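Remarks on the overall topology
Residue-level listing of the chains:
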Amino acid sequence: MDAQSKPGPGSESSNSSAAAVNSTVNSTTNSAANTSLPFLQKYSTTALDKSFADEPILPPPLNTNSDRFFEDLNIFDDADSKMKQNLDNELVKVALDQGMDMRDYVSEVEAELKRAEDVSLHDYIAQAYNIASLHSQIKNCDSALEVIEDMLHSFKTNLSNISSEIRSLQQQSASMSVKLKNRQAIRGELSQYINELAVPESMIRHIVESPVTDRLFLEQLHELNHKINFAKQQAFQDARSAQDVRDVLMKLRVKATAKIREYLLSKIQQFKKPMTNYQMAQNAMLKCRFFYEFLLNGERDIAKEVKESYVDITSKIFYSYFKYYWTRLIKLQFDDLPTKDDVVGADESSKKGFFAAQPRLKSPVFSLGERANILLPASLEGPVLVPHTSSQSNQKFPLEVLFRAYQWALVDNASREYLFICDFFLMAGQPAQELFNQIWGKTLLISLKHVEETVAGCYDAIGLYLCLQIIEHYRDLMVKRCVPALAAYFEGLVGILAPRLMLVVEGHVASLRNADPSAFKITTQPHFITRKYAELSAALLVIRNHGADNPSLNTLIKQLQLEMDSLIMRMAAEFAERKFQLIFMINNYDTVWTVMQEHLQADTKETDNVKVILGQRINDFVEELLSPYFGAMIEFIKHSEAAVERGQPDAIKADEKKIAGIVRGFNNNWKKAMDDINAEVLRTFNNFKQGTNILQTALTNLLQYYHRLHKLLSSLNQFKNLPVRNELINLHHLMVEVKNAQAVNAARHTAFLEDARQRRKIMHRFGIFVALIAVLAATTRAAFLPDFAQIPALSSWMGDFFQNTGGVPWLSLWRPPRVQPRDYTAIMEKLWDMDENGMNYQTMVLDIQNRTLYNATTDVAPRKLFKSVNETFVFRSDVAKKFRHLLDNYNEQGGVADTHTAAEKKEMDDFLEALCQTDIIKETRKWLYDQGKPFATMELLKAHLKEVWFTLYPRSKNMTHGVRDSSAFEHVFLGEIKRSQRVIGGLHNWIVAYLLEKGGEWNYAGYTDNIKEFQPGRFIFGAKFRGYKNYWKNPMSSFIFGSSVEFDFAAYSICYIMKPGKNCAFKIHNKKLSINTLNFLKGYNYIDTAYPVV
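Residues numbered from 1 in each chain as written. Predicted model: local features only at pLDDT ≥ 70, side-chain atom pairs only at ≥ 80, totals over all residues. Heavy atoms only, no water.

1. What to know about the overall build of the protein chain
Within the protein chain one finds 38 helices and 12 strands. The buried share among the 1094 residues of the protein chain stands at 42%. Of all intrachain contacts in the protein chain linking residues separated by at least 6 positions in sequence, the fraction that spans at least 24 positions is 72%. (Helix = DSSP H or I, 4+ residues; strand = E, 2+ residues; numbered from the N terminus. Buried < 20%, exposed > 50% of the residue type's maximum accessible area, 1.4 Å probe, protein only. Contact = heavy atoms within 4.5 Å.)

In structure tokens:
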């Protein structure tokens, strides 16, 4: 067999593959022939058959010379290993297991593959149209993409051109920006330069034509001054432009200077006109203070002229004003001034009787009285005295009042002048002080001269000390105002007043040192010298507490006290008996102690010293008092205790008879002895408080002595077996008896006091009657009236009556009631300033809104009255807390009886107790008592307040059949509904109004009267409102907004007690206020209503 006919390896598969290819090609050709696709028509069956027939498909000949051949031979080297791997194949295993021939199996596989290939070819031919269409579309896409590619190439070219253009523009923009910034910088500076240098037409017009008081003139003057200064700066830098405007600016400065000079000199000349208020002219000058600065910058000669003119005129004005003012003031001083003979140790017993001389206004020499009020801030900085007004009313004043008025006028004007100098003339420090001295030098010198002349003959130590303290206060005020200009003046005043005060006080000390007790009329009652010393010493201590200590004066006060102690001892030595000596010393030291306690708020070294001495003298007197009755017992006790202390108890003799006499004598006589002691103390001591203290000390000492007697008889052996020990009174029983005795004595004292009050009334009426006759006799010397100086008995008695108690105990209780004051400003202002629980702007803000009419029934206040209230502050005090507890104890409906439970009554008592503990009520009680009202103790005032405020009564005023539906407290503080009129009555307390508004039961409808603000946060005005079932308050209700409960109680109570049924008018911080109170019914001491009048 040749090479072509021999089947090579895989010949079957090759043939079958060829056959499959032929079949496929044939089918494809046929399919293409049956279609209209042109690109397949050239492949016809004949051509294919011909190509296959011409060249039969044979395997390629073996090339044994090539490397490939040997590589193929190497394949058989691995046949074994590959065959082994093929045998492991699952398909091969299955075929072998079925006993199949591998060639048959391969043929089947190939047939399978051929069928799959045929199917794939048929599928491909079936999609031939789509493939051709896809091919066409791809070609079209290629064409479109080519066009796009061309466009993108063109766009890329254009972008590169644009990028280069942008870079070029950026470079141009940066260059232009730099140029613009440079031009703007130059333009800003150049524009500012031109604006500061150029002179606009408006400036020329206003400087030349406008009056100097016009605001535009002042504004343009500022601009002109700035341009002149700028032109000067540029001229130094050789700027040509500055030379262009120099002439215009100089002409404007000359014109402005002329106008300013004329204006300032005219204002200064106005000071010289009579009745001109130079301070108003100064205020007008201060508004144009730049005028002087302008002159000072450009025309110093004219500025100096203005300043010298001002200094010349104002210095003359101040000099003449204060010289004239002092001349008029000094005429208002008391006529009868203290002399060198008015000293503490002077003997006044040789003076004539009470009616011997014509009464004249005299300054109090030793007593302080109300003179210390001059040191209160309101008085120190209050209005000055107007001489012609005071002279018309024939008023006279002590030295310190006139001194305060003059110094306050000087201090106020001088401080204002110094501040004006610093502000207007642009000065400070030493230059300002020098200019001030030029203006005020002569005035201050004449003021010092006036003071020196006045005090040269002054012997009023209280007035001099008050003047010194006034200076200290004004010196501190000047420090606060940062005005050092008067420092030298104050030093000069102190240099004049302090030595004079030392001299006067040394005179008092010398008078006590040189006093001759044998020349005095001395009784066991307080001596008049003691009273004068007590008043003077207390006055000096009170004044000292209002300012800084004066060491030199403190030394003199101590010397004064030592000399007074020495004089009291020398006067006591005039008595032969020790007991009377002690009585005299106790009465005198008690007087000193009482006076000091009345005037001083706190203890001082001086009061402590008096208290110690008084206690020592009381203990000595108690020993003398007990000695006549219990002397044997006291001597036995002291002797026995001294022996025990020496360690010699056996030396005490057990004299049974003597001890029995002591014990039985005490048992039988101690009650009578205490009665006798009580009576003696009552006769001897005019101060019942001190007498009670002495009795208490005597009883205490007696109990202590008896207790020591018990102890001795029980502890010493020689006394233990004495039968008399069984007769000793039980100490507890003795203490009970002593307490009963004290109660009886207290009752006796009360009766004695009441009798003294009745005597006081009689003596007061008789004294007024006799005094009126005496004044009439002294002033007219009518023939029908006797000369009381020629009636020695009556004259001497009245002199003793007014100057000395003359040994009559109950006369010391006599305190003539003062005449009811015409106004209540002093006490009301004092209570107002003491009201630390009052409100202010930080604790209460009101929204007062609109004004309405009395008879209006429309609401013109859409918002609440109380915008904000700090309740914590309102109810921080104990009084306010307890006041709030009372608000739910009443029924506001008229005609419905009010009843109080035990708990509500206790709340009422607690409220009154807290109220009476406040300083305001304490001051109220003291003031009322000084006016002659019977409130010697707080308990008496509390009982009175309870009666007039909290007693229930019928609002219908039918005391027989009326329903007790009201009280003063309910009406005034809470308000109530009037049954017949269906309106609200009362309600004058702002705290209740606030609580009602907060609870939605009070609707504020507007205010009805002018609003008065007494201090920040405290007002008074009438309010229209609805409340309590939406009833109207008709016509309105007045309130003191911001005051505390205790102030309202005090103010209403004072006005009711002093002026029931009348207007009680007064001022608070120079603003008028009056309170109206009405009595419930004649014969009933109840308040009907109380309210501030608006």
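2. A closer look at the packing of helix α14 (residues 300-330) against helix α18 (residues 430-455)
At their nearest, the axes of α14 and α18 sit 8 Å apart, and the two run at 15 degrees to each other. Judged by the angle between their axes, α14 and α18 are roughly parallel. As α14 packs across α18, the resulting crossing turns out to be right-handed. The residues of α18 that touch α14, namely those facing Lys307, Tyr310, Val311, Thr314, Ser315, Phe318, Tyr319, Phe322, Lys323, Trp326 and Ile330, are Leu435, Gln438, Ile439, Trp440, Lys442, Thr443, Ile446, His450 and Thr454. Broken down by class, the residue content of the contact of α14 with α18 amounts to 11 nonpolar, 6 polar and 3 charged. (Axes fitted to C-alpha atoms, helices over the stretch in contact; angles between N-to-C directions. Parallel < 35°, antiparallel > 145°, perpendicular 65-115°, else oblique. Left-handed = near helix turned anticlockwise from the far one by under 90°. Nonpolar A, V, L, I, M, F, W, Y, C, P; charged D, E, K, R; others polar.)

3. Comments concerning the pattern of salt bridges
Evaluation of the coordinates by the stated rule reveals 31 salt bridges. For the salt bridge of Lys882 with Asp878, the shortest nitrogen-to-oxygen distance reads 2.7 Å. Taken together, the positions of Lys882 and Asp878, both in helix α32 (residues 878-885) and 4 residues apart, correspond to about one turn of that helix. Since its relative accessible area comes to 42%, Asp878 is described here as partly exposed. Here Lys942 makes a salt bridge to Glu913, at a shortest N to O gap of 2.5 Å. (Salt bridge = Lys/Arg side-chain N within 4 Å of Asp/Glu carboxyl O.)

4. Remarks on a nonpolar patch on the surface
Among the surface-exposed residues, Phe155, Leu159, Ile162 and Ile166 lie close enough to one another that they form a single nonpolar patch of about 360 Å² accessible area. The class for Leu159 is partly exposed, based on a relative accessible area of 41%. (Patch = residues over 30% accessible without salt bridge, like charges linked within 9 Å, V, L, I, M, F, W, Y side chains within 5 Å. Areas by Shrake-Rupley, 256 points an atom, 1.4 Å probe, with all protein chains shown as cover.)

5. Points about the packing of helix α17 (residues 399-424) against helix α20 (residues 487-514)
The angle between the axes and the distance between the axes are what describe a pair of packed helices. Packing of α17 against α20 brings their axes to within 13 Å, and their N-to-C directions diverge by 165 degrees. It follows that α17 is roughly antiparallel to α20 by the angle criterion. α20 is crossed by α17, and the crossing has right-handed handedness. Within the contact between the two elements, α17 uses Phe403, Tyr406, Gln407, Leu410 and Val411 and α20 uses Tyr489, Phe490, Leu493 and Leu497. A class-by-class count of the residues in the contact of α17 with α20 yields 8 nonpolar, 1 polar and no charged.

6. Quick notes on the environment of Cys458
Relative to the assigned elements, Cys458 resides in the loop between α18 and α19 (461-480). In this structure Cys458 comes out as buried when scored by relative accessible area, which is 8%. The spatial distance from the C-alpha of Cys458 to the C-alpha of Val504 is 8.3 Å, given a sequence separation of 46 residues.

7. Some points on the packing of aromatic side chains
Evaluation of the coordinates by the stated rule reveals 49 aromatic pairs. Aromatic pair Tyr321 and Tyr325: ring centres 5.9 Å apart, planes at 5 degrees, arrangement stacked. One end of the pair, Tyr321, and the other, Tyr325, are both in helix α14, 4 residues apart, so they sit about a helical turn from each other. Seen from their ring centres, Phe911 and Phe950 are 6.2 Å apart, and the 70 degrees between their planes marks the pair as edge-to-face. Here Phe950 lies in helix α35 (residues 938-950) and Phe911 lies in helix α33 (residues 902-916), a separation of 39 residues in the sequence. (Phe/Tyr/Trp six-rings, centres within 6.5 Å; stacked < 30°, edge-to-face > 60°.)

8. Some remarks on the pairing of strand β6 (residues 1012-1015)
Summarising the sheet, β6 and strand β7 (residues 1018-1027) pair through 3 bridges and their orientation is antiparallel. Bridge pairing links Lys1012 to Ile1020 in β7. Taking the residues between adjacent antiparallel strands as the criterion, β6 and β7 are bridged by 2 residues, where Gly1017 takes a positive phi near 95 degrees. (Pairing = 2+ DSSP bridges.)

9. Section: the side chain of Thr825
By the secondary structure assignment, Thr825 is in helix α30 (residues 825-834). Among the polar contacts made by the side chain of Thr825, one reaches the main-chain amide nitrogen of Lys1067 at a distance of 3.1 Å. When neighbours within four sequence positions are excluded, Thr825 is seen to be in contact with Phe1066 and Lys1067. (Polar contact = N/O pair within 3.5 Å; in protein donor to acceptor, adjacent residues only side chain to side chain.)

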